[in-house]
Amino acid sequence: MTNQMSNIPTKIYRENTKEIAIIGGGLAGLTAAVYLARDGKNVTVIEKSSKAGGRARTTIKDKFYFNQGPHALYANGIGPKVLDELNIKYTGKKVDSTKYYITKKGKLYKLPTKLNEILTTKLLNGWGSKVEVLHFFIKLNKMKLDQLYSLSFQEWLDLNFKNPDSKDFVKMLGRIATYTYNAENLSARLALYQVKTAVTGSVVYLDEGWQTLIDQLVEIGKRNGVKYVHGKGVVTLQQDYAHDKKNPQQIWKISLSDNTTLSYHNVIIATNPFHVYSLLKDNKKVNSEFLKQLENINRPARVATLDLALSSLPNPDVYGVYGMDTPLYISLHSAFAKLSTDGNGVLFHAMKYLDSSIGPNPLEDKLQLESLLDTIQPGWRKMIIRQRFLPSMIASNTVINYNNNETMENRPDTEVPGVNNLYIIGDWVGPDGMLADASFASAKAVALSILNNRKAIEMHTIQ
Ligand SMILES: Cc1cc2nc3c(=O)[nH]c(=O)nc-3n(C[C@H](O)[C@H](O)[C@H](O)COP(=O)(O)OP(=O)(O)OC[C@H]3O[C@@H](n4cnc5c(N)ncnc54)[C@H](O)[C@@H]3O)c2cc1C
């Protein structure tokens, strides 16, 4: 009998132990819950906040639907496929970039998208840079991305572009598609996958914001028996053993911020890497390399966003602008989605991609965004109905192995190594996609793995 066996408490009985807990009720947690519950699993979602949705929540203020910063669904990405499988409906339009501009050295240039625009634009200095950009678009579809595991996006740019303008242009595309400022922290494979997904399929702005996805996920979950516990954070997670007459069975004991304790056979953590580390760092069975990897996750991709509702549009000729030499973005989301309850007014999202190697400077960041708005929408200040500035939002949790030059991309697998029946999901887990696509993909992968292993999981006992 092992040490653990001698530590077995005798008070937990199998009938008190529920099947699956999901810690975190953002897109990832809610998606996994629906996949599992519609296949008959007994699921509880435990969410720290009073409302579900995490970073994908939308709030209605002064009749406007405010997503938390600019949220766009990648039409060719994993998200729409998962939503379709779960029968989640949404409406909204694809972004048409006709009225979008690029700023370089303080001047505005039309965003070149067509062949002749790329060849004639004054944005790209010299024939060489135009040809390099053209080449990039021609090659993008056929690029063998799997061969790029070992390169950062910055290294890939340095290897593939001789001209500063073409390099900056493609770097800008990567920044917009991945929400990541630090190209040296980003895997070339993932960055180019995102750019390809955005360029080939465009993105959709959703009517009434991303809350429409959250509400349907919760609704379908409820219909399939998912229980939602809100307003209680998970503080600790410990391995324990439940008994019946014959044999003990490993379980997970969860303690909540209100001091209650619950026990489950399977736990899916759908929060963030920092929280996962805090829950697991003292568990001696969890693989130490995995814990070390989590310790390295200290540079998520952050953004500052200014979300802005105006009574009308000062300049109807410009819907958006991207910075080529500055990490700035503005887009008129209401041009492509219904984002006010009565159809009046307009809604912009302005955003700065933050450099994770230096501290944020909210005052300066906000001034920069306002000044860019002055350039494209003069007079906007007089039309403000509501604005909200979020100075440092995590757009993407990234896992970088700084000590190992062999691979840029070592996002952890969905199964926590060293222990049984413990899983992680979110935008930093698994091999597929980035941003919400990674949350959807990892949620589906874990749900399928639990469902396929149904027997093994139910029969599992201590060896
Ligand atoms: C400004 C901005 C713009 C973005 N734009 C896009 C975009 O255009 N396209 C795109 O695909 N993605 C975008 N994203 C990313 C997208 O929002 C996220 O990838 C997605 O919402 C992540 O979902 P998640 O469930 O993995 O994590 P989260 O949404 O972070 O959910 C985690 C949940 O866990 C809960 N939690 C935390 N700690 C505990 C605890 N101790 N106990 C219980 N619960 C806990 C949190 O409250 C939260 O609800 C953007 C993000 C931001 C911030």
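Residues numbered from 1 in each chain as written. Predicted model: local features only at pLDDT ≥ 70, side-chain atom pairs only at ≥ 80, totals over all residues.

With respect to spatial proximity, 37 residues lie near the ligand, and among them Gly 24, Gly 26, Gly 54, Gly 69 and Ala 436 are the closest. Among the elements of the structure, helix H2 (27-37), strand E2 (43-47), strand E14 (301-310), strand E18 (384-396) and helix H13 (435-452) are those that each provide at least two residues to the shell around the ligand. Here the residues of the shell around the ligand are counted per class, giving 16 nonpolar, 16 polar and five charged. Residues lining the shell around the ligand come from more than one domain, with at least three contributed by each of domain 1 (3-55 + 212-298 + 402-459) and domain 2 (57-72 + 204-208 + 299-396). (Near = placed C-beta within 6 Å. Helix = DSSP H or I, 4+ residues; strand = E, 2+ residues; numbered from the N terminus. Nonpolar A, V, L, I, M, F, W, Y, C, P; charged D, E, K, R; others polar. Domains from an automatic or database assignment.)

Within E14, ten of the ten residues are buried, which leaves it mostly tucked inside the rest of the structure. The alternating pattern of E14 places Ala 301, Val 303, Thr 305, Asp 307 and Ala 309 on one face and Arg 302, Ala 304, Leu 306, Leu 308 and Leu 310 on the opposite face, and all of these are buried. Where E14 meets E18, nine bridges bridge the pair, whose relative direction is antiparallel. Residue pairing across strands places Leu 306 opposite Phe 389, the latter belonging to E18. (Buried ≥ 20, exposed ≤ 12 C-beta atoms within 10 Å, placed from the backbone. Pairing = 2+ DSSP bridges.)

In this section: the sheet that holds strand E6 (residues 92-94). Spatially, three strands are ordered E5-E9-E6 in an open sheet, and the strand pairing comes out antiparallel. The outermost strands of the open sheet, each flanked by one partner alone, are strand E5 (73-74) and E6. Bridge count for E6 against strand E9 (residues 203-206) is three bridges, and the pairing is antiparallel. Looking across to E9, one finds that Lys 94 is bridged to Val 204.

What follows concerns the domain arrangement of the protein chain. For the protein chain, the domain assignment lists domain 1 (3-55 + 212-298 + 402-459), domain 2 (57-72 + 204-208 + 299-396) and domain 3 (113-198). In this assembly, ten residues from domain 1 lie in contact with seven residues from domain 2. Split by residue class, the side of domain 1 that touches domain 2 holds three nonpolar, four polar and three charged. (Contact = placed C-beta atoms within 7 Å.)

Counting buried residues along strand E13 (residues 261-269), seven of its nine residues qualify, which places the element largely inside the surrounding structure. Note: strand E1 (residues 18-23) against E13, five bridges, orientation parallel. Among the inter-strand pairings, Ala 21 is bridged to a residue of E13, identified as Val 267. Of the strand pairs in this sheet, strand E12 (residues 248-256) and E13 are connected by four bridges, and their pairing is antiparallel. Among the inter-strand pairings, Trp 252 is bridged to a residue of E13, identified as Tyr 264. Two successive antiparallel strands, E12 and E13, enclose a turn made up of four residues, where Asn 259 displays a positive phi of approximately 70 degrees. Strand direction decides the pairing type here: E13 and strand E19 (residues 422-424), joined by three bridges, are parallel. For Val 267, the partnering residue across the bridge sits in E19 and is Leu 422.

On to the packing of helix H3 (residues 78-85) against H13. H13 packs onto H3 with a crossing angle of 45 degrees between their chain directions and a minimal axis gap of 8 Å. The orientation of H3 with respect to H13, classified from their angle, is oblique. Seen along the crossing, H3 lies across H13 with a hand that is left-handed. On H13, the residues touching Ile 78, Gly 79 and Val 82 of H3 are Ala 436, Asp 437, Phe 440, Ala 441 and Lys 444. (Axes fitted to C-alpha atoms, helices over the stretch in contact; angles between N-to-C directions. Parallel < 35°, antiparallel > 145°, perpendicular 65-115°, else oblique. Left-handed = near helix turned anticlockwise from the far one by under 90°.)

Here we come to helix H8 (residues 188-201). With 14 residues, H8 should cover 20 Å at 1.5 Å per step; its first-to-last C-alpha distance of 20 Å lies within 8% of that length. Of all 14 residues in H8, ten are buried; the element is thus mostly enclosed. Taken together, the buried positions of H8 are Ala 188, Arg 189, Leu 190, Ala 191, Leu 192, Tyr 193, Gln 194, Val 195, Thr 197 and Ala 198. In the core, the buried residues of H8 are packed alongside E5, helix H6 (153-160), helix H7 (164-178) and E9. Backbone geometry just after H8 places Ser 202 at a positive phi near 60 degrees. (Expected span 1.5 Å × (residues − 1).)

Although it is not a glycine, Lys 63 sits at a positive phi angle of roughly 70 degrees. In this fold, Lys 63 is placed in the loop between strand E3 (58-61) and strand E4 (64-67). A positive phi angle is found at Ser 202, which is not glycine, with a value near 60 degrees. Here Ser 202 is to be found in the loop between H8 and E9.

Taken in spatial order, the seven strands of this open sheet run E8-E7-E15-E16-E17-E14-E18, and their pairing is mixed. The open sheet has two free edges, formed respectively by strand E8 (107-110) and E18, since each of these has just one partner strand. Along the sheet, successive strands turn relative to each other by an average axial angle of 20 degrees, direction set aside. Here strand E16 (residues 328-332) pairs with strand E17 (residues 346-353) via five bridges, running antiparallel. Of the residues in E17, the one forming a bridge with Ile 330 is Ala 350.

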